[in-house]
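Read off the chains here:
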Amino acid sequence: MHFQWDWLCLGVLIIGSVTAGMESEENLDADVEVEDFDKQSQEADVDRDKSSIEVVYLTPKPTGEVYFTETFDEGMSRWVLSVTLKEDMDDNVAKYDGRWEVEELKENAVPGDKGLVLKSVAKHHAISTMLTKAFVFDDKPLIVQYEVNFQKGIDCGGAYIKLLSSSNDLNLEYFFDKTPYTIMFGPDKCGEDYKLHFIFRHKNPKTGEYDEKHAERPDVDLKKFYLDKKTHLYTLVLKPDDTFEILIDQAVVSKGSLLENMIPPVNPSKEVDDPTDQKPDDWDERPKIPDPNAVKPDDWDEDEPAKIEDPDAVKPEGWLDDEPQYVPDPNAKKPKDWDEEMDGEWEAPQIPNPKCETAPGCGEWVRPMKNNPKYKGKWRAPMIDNPNYQGIWSPRKIPNPDYFEDLHPFKMTPVSAIGLELWSMTSDIYFDNFIICSEKEVADRWAADSWGLKKLVASANEPGMFSQLVTAAEEHPWLWVLYIFTLALPVGLTVLFCWPGKKSDEYIDFKKPDVSKQITKGELKEETEEFEDDELEEEKENEDTGEDERREMDEIKRELIKETKKMGREAPVSEDEGEYGEDIYDDEEENEVPHEEENQVADGSQEGDWLNKSDSEDEKKEADEGMGDRPLKSVRKRRVRKD
């Protein structure tokens, strides 16, 4: 039994350890599919657990062909501020007068690493710059990547970028919301609507007009990326096979096809509804109708009210009918500046009647209302299937006159500039380390040399788990109850299952002792008599049993008699008692009888049989006195269990 409790205790401890490990893994797992980091990024994460880390920042350099890079370490001299106005707005709010600054992060800053910061609240911001060389959508992928940090969180505003379409009349000083762009990408949030935009403008090959195509929403929770005040890396990958991927912190959050996962679809449907088709006047779209043959029952009374007064209600004793529920405040005084001509006659404010506080109620007593058992409401005929039902009408289809099929929407309008045109109710939005290229390895290396350092510093400066738990409990006090329960549960289970307990009496009773117990003759006599009584009861119960069972019982009795003899020989006796003992056992050996006679012996006391073989009552008395309380080895009872 003790061995089983040890195994149970060990099992509880193992389950607790496995559960804790699973919880740790769940906390570490992201909600997104993680891609393999570049080797340099993995090496940068080796010393992440060192809190007192020193980072030497070097402005990242691209390792391959790029179309644009920007670190802002040397300021924003190459960027152009917009001086135009938004259309369809008043001049005082249509200005792009939002302020931009180049500065380091407020928290977890890497010394020497600067970024572009949106500083104004509730103002329009517009800033742009030309690419190093234009990107043409041909046979190379397009990779756009940059960093964003909502240093104060975000209430309502965006942090997306626009890749401006190439044109001969592109003037960055007049960059505004209507400036043609090819791609818009980045985070945006207002209220509880968290978005990650990927929009591209598609040119209709028939009409030449541009339509915006929006990617489907990601299936992950974006809230944590916008509110944790950490620097996050946003990446868009467009491939010549008309597929795309959107990544946050080098983890895929959305992917799909430009032909299948855009809203509205790139290619229109082949058929459309006929605008000239109209629904016939006799078209019946009702699946159910009132039964025209139904009749209102004669006992249906539509005039019965839903509620009636309870006739069994009784006014409570002590109800104060003559006392109003509210009385003028006796302590109120008319204000000194009260003008009765202007304000009218002054009246003291009403307060609850203090006499009603100790009474069941005040004022006129009214019987309470109860549901009317006779109420049925307005009668309506039951509904039946409409025999004239024709289904939901829809216009007939005709070939779409505007149908076209663009099998390669990747071939978009070339881009030659990048810009940020934003409005925000939150300031200090941080942008840094823009890169536009065609090779994923180049973008990953760029991220390892820039965003990887920020991530390393932020991880090193994060508080320990205990501090985070305390901080969370300060914001949500109910967490203390959860903490206490979490700590008390394993302790309680450990004490319950692993603490050594007392052995039960049943366990002690069934355990066979290693050493024979020394008892007196009197105790031996009582035990023998008890055994014989048990034997008699068993014999009575087994009168109808077979001969085989009777023989088995006889053999057991013989063994008991032999053990009793053996015990008598081994017990120390005096010289006088020795003869008596020998006479008894000698007589027993010489006078062994068949099992039928032994059954007669079992009907009486064994000790009495020995004494009956003596020649006189004096010898019996002497034998009893001689035996006294001299210790003898006990004979343990053997119980026979019937099949």
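That block above? That's the structure.
This structure is a prediction, so every number in the text was calculated from the model and none was measured. (Residues numbered from 1 in each chain as written. Predicted model: local features only at pLDDT ≥ 70, side-chain atom pairs only at ≥ 80, totals over all residues. Heavy atoms only, no water.)

Novice: Describe unusual backbone geometry, listing the residues and the values that go with them.
Specialist: For the peptide bond that leads from Ile-263 to Pro-264, omega is -10°, which places it in the cis range. Along the chain, the position of Pro-264 falls in the loop between strand 16 (262–263) and strand 17 (271–273). Notably, Phe-72 is not glycine yet its phi reads approximately 65°, a positive angle. Within the fold, Phe-72 resides in the loop between strand 2 (66–70) and strand 3 (80–81). Note on Phe-72: relative accessible area 0%, which makes it buried. Not every positive phi belongs to a glycine, and Gln-250 is a case in point at roughly 65°. Among the secondary structure elements, Gln-250 is positioned in the loop between strand 14 (243–248) and strand 15 (251–257). (Helix = DSSP H or I, 4+ residues; strand = E, 2+ residues; numbered from the N terminus. Buried < 20%, exposed > 50% of the residue type's maximum accessible area, 1.4 Å probe, protein only.)

Novice: Describe in detail the pairing of strand 25 (residues 415–424), supporting the description with residues and values.
Specialist: Across the ten residues of strand 25, nine count as buried, placing the element largely inside the fold. Pairing geometry for strand 6 (residues 123–135) and strand 25, over nine bridges, is antiparallel. For Thr-129, the partnering residue across the bridge sits in strand 25 and is Ile-418. Relative to strand 25, strand 9 (residues 161–165) is paired through four bridges, and the arrangement is antiparallel. By the bridge assignment, Leu-164 is partnered in strand 25 with Ala-417. (Pairing = 2+ DSSP bridges.)

Novice: Please set out the pattern of salt bridges residue by residue, giving values where relevant.
Specialist: Applying the stated rule across the entire model yields 31 salt bridges. Residue Asp-432 is joined to Lys-454 by a salt bridge in which the shortest nitrogen-to-oxygen separation is 3.1 Å. With Asp-432 in strand 26 (residues 429–437) and Lys-454 in helix 7 (residues 451–460), the pair connects residues that are 22 residues apart, well separated along the chain. The residues Asp-432 and Lys-454 share a single accessibility class, namely buried. One salt bridge connects Asp-444 with Lys-440, and the closest N-O pair in it is separated by 2.8 Å. (Salt bridge = Lys/Arg side-chain N within 4 Å of Asp/Glu carboxyl O.)

Novice: Could you give me a rundown of the state of the cysteines, with the residues and numbers involved?
Specialist: Scanning all chains against the criterion turns up two disulfides. The disulfide bridge from Cys-156 ends at Cys-190, spanning 2.1 Å between sulfur atoms. Here the disulfide of Cys-156 and Cys-190 is left-handed, its torsion about the S-S bond being about -90°. You can see Cys-156 sitting in strand 8 (residues 156–158) and its partner Cys-190 sitting in strand 10 (residues 181–190), a full 34 residues away along the chain. According to the relative accessible area criterion, Cys-156 is buried, its value standing at 16%. Between Cys-356 and Cys-362 runs a disulfide, and the two sulfur atoms are separated by 1.8 Å. Around the S-S axis, the bridge from Cys-356 to Cys-362 shows a dihedral of about -125° and counts as left-handed. Judged on exposure class, the residue Cys-356 and its partner Cys-362 are both buried. (Disulfide = S-S within 2.5 Å.)

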